[in-house]
Amino acid sequence: MAKQKKQPRPKAETPKGFRDYFGAEVSERQQMLSKIAEVYHRYGFDPLETSGVETVEALGKFLPDVDRPNEGVFAFEEDGTWLALRYDMTAPLARVAAQFRNDLPSPYRRYTMGPVWRNEKPGPGRFRQFYQCDADTVGSGSVAADAEICAMLSDCLEAVGIQRGDYVVRVNNRKVLNGVMEVAGLAGDDKAAERGIVLRAIDKMDRLGARGVRDLLGEGRKDESGDFTKGAGLSTGQADKIIAFVQATAGDNTTTINTLKSLTEGSDIGTQGVAELEQIADLLAAQGYGPDRIIIDPSVVRGLGYYTGPVYEAELTFDVQNEKGQTVQFGSVAGGGRYDDLVKRFTGQELPATGVSIGVDRLLAALRATGKLKGEDAGPVIVTVMDRDRMPAHQAMASTLRQAGIRAEVYLGNPKNFGNQLKYADKRRSPVAVIQGSDEADRGVVQLKDLILGAKLAEEATLEEWKSQPAQKEVPLADLVDEVRAMIARHS
């Protein structure tokens, strides 16, 4: 009989472009999202959870024109129908708005939080699965909806701990840029390629400065490595108008808007866009959101190929060190805008909508950079086990602590080696260990070991300090909750 070939053991590794999240990371994300959800809820938005899998038709705008739709999304075929993991939160909203249009209130205001998946090449800090946190108003063409999203975004940043002065919400309008393009002679289908180059050039203003952007608007630019990027081929006059538009931001919104009015003079679409920005600025000012928090900024161009009106981006303005050790501003953590073609693919009718998406991982990184997150959660109190036969008593102590709102667990490994129990407590980042042998039980007391203080004393304390600050104390069993709570509070 032939000997069966031994099957190789599977490798214990995450797929490329994916990662695992442990204790503190998950808790930090949950806490941050909870604070954001409170703001969304306060503004009257309802939560919505959609399926992680959508039909290819619902995600069609993200798919390439090939037989197998596996580029950009994770897709699979079932009974002749192509299904795919959701690419973002907007496409599912479009499907919901069309499918339940007779049941939902209009306008429909929803927020959603959860993972999305993109079948893209992963890189440093770029994963194929990540969290999105969106809020959208569907069914309102009023720019009051856009102003509200901007105010809500400002409130969200402050709710999670970003201080006023450390962020700014920048607002622009697709129509204003279209107007400037029109005045500069770049309207029409035959100028689509030039407009694309102009958009990409404007987006590089922070990195290249006005000189570098002007080169890209003209014949092109050669970088430090010698690589040449072809420009839009604009004349000096055309480039002047684009540069003046990008640099129109002033210290107050009124001055910025007046500059934009002059730059779009003669363009109906541009004039309409400036009027919308002016209305947004007035609505925000009436609520107390001045340029210290929200500003009109024509340099915001990300997503302008997708959005149809106002666009906004939240930028954190404090300095951090990048991977190269350079001091840079933290940058963007959220963006959004108006997109009025939301459900047209499903119903053939336009449905105005506006919304924002917060970059969850980016915002978490910002909170860590500013010290708003500890980076590590305190673990549970560990009730050690001196005698397996006394497990009911140990479980009772843990239950008493839990009922008082204190995280606690009984050690469920092999209790034979007590040192291993304390090593386990250290690995769990436990603040306190509860110890009760038969002698302590007979006397109605427990030993409490302050593990945080003990570790600190072991590292830096002198013998005298060690004696004056005992890390372990005996307390009556009746005082267990109060004494444990006091030990934990000492290090909070």
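Now for a description of the structure that goes with this document. (Residues numbered from 1 in each chain as written. Predicted model: local features only at pLDDT ≥ 70, side-chain atom pairs only at ≥ 80, totals over all residues. Heavy atoms only, no water.)

### Concerning the overall build of the protein chain
Stage number 1. A count of helical and extended segments in the protein chain gives 17 helices and 18 strands.
Stage number 2. Computed over the C-alpha atoms, the radius of gyration of the protein chain is 29 Å, more than 25% above the 23 Å expected from 2.2 N^0.38 for a compact globule of 492 residues.
Stage number 3. Its C-alpha atoms put the protein chain at 90 × 75 × 55 Å along the principal axes.
Stage number 4. When each of the 492 residues of the protein chain is scored for burial, the buried share is 44%.
Stage number 5. Of the contacts formed within the protein chain by residues at least 6 apart in sequence, a portion of 67% connects residues at least 24 apart.
Stage number 6. Accessible area of the protein chain: about 26,100 Å², with a carbon and sulfur share of 48%.
Stage number 7. Averaged over its 63 positive side-chain charges, the protein chain has a centre that lies 6 Å from the centre of its 71 negative ones. (Helix = DSSP H or I, 4+ residues; strand = E, 2+ residues; numbered from the N terminus. Rg over C-alpha atoms; globule rule 2.2 N^0.38 Å. Buried < 20%, exposed > 50% of the residue type's maximum accessible area, 1.4 Å probe, protein only. Contact = heavy atoms within 4.5 Å. Areas by Shrake-Rupley, 256 points an atom, 1.4 Å probe, with all protein chains shown as cover. Lys, Arg positive; Asp, Glu negative; His and termini not counted. Charge placed at Lys NZ, Arg CZ, Asp CG, Glu CD.)

### A word on the pairing of strand 3 (residues 75-78)
Stage number 1. Here strand 3 runs beside strand 4 (residues 81-85); their pairing, made up of four bridges, is antiparallel. Among the inter-strand pairings, Ala-75 is bridged to a residue of strand 4, identified as Ala-84.
Stage number 2. Where strand 3 folds back on strand 4, the antiparallel hairpin that results is connected by two residues, among which Asp-79 adopts a positive phi of roughly 50°. (Pairing = 2+ DSSP bridges.)

### Focus on the packing of aromatic side chains
Stage number 1. Per the counting criterion, the structure on display carries five aromatic pairs.
Stage number 2. With a centroid separation of 5.4 Å and 45° between ring planes, the pair formed by Tyr-40 and Tyr-111 is classed as tilted. Of this pair, Tyr-40 sits in helix 1 (residues 23-42) while Tyr-111 sits in strand 5 (residues 108-117); the two residues are 71 residues apart in sequence, bridging distant segments of the chain.
Stage number 3. Here the aromatic rings of Phe-318 and Phe-330 are separated by 5.8 Å at their centres, their planes lie at 40°, and the arrangement is tilted. Here Phe-318, found in strand 11 (residues 310-321), pairs with Phe-330, found in strand 12 (residues 327-338); they are twelve residues apart in sequence, far enough to count as distant.
Stage number 4. Look at Phe-318 and you get buried, because its relative accessible area is 12%. (Phe/Tyr/Trp six-rings, centres within 6.5 Å; stacked < 30°, edge-to-face > 60°.)

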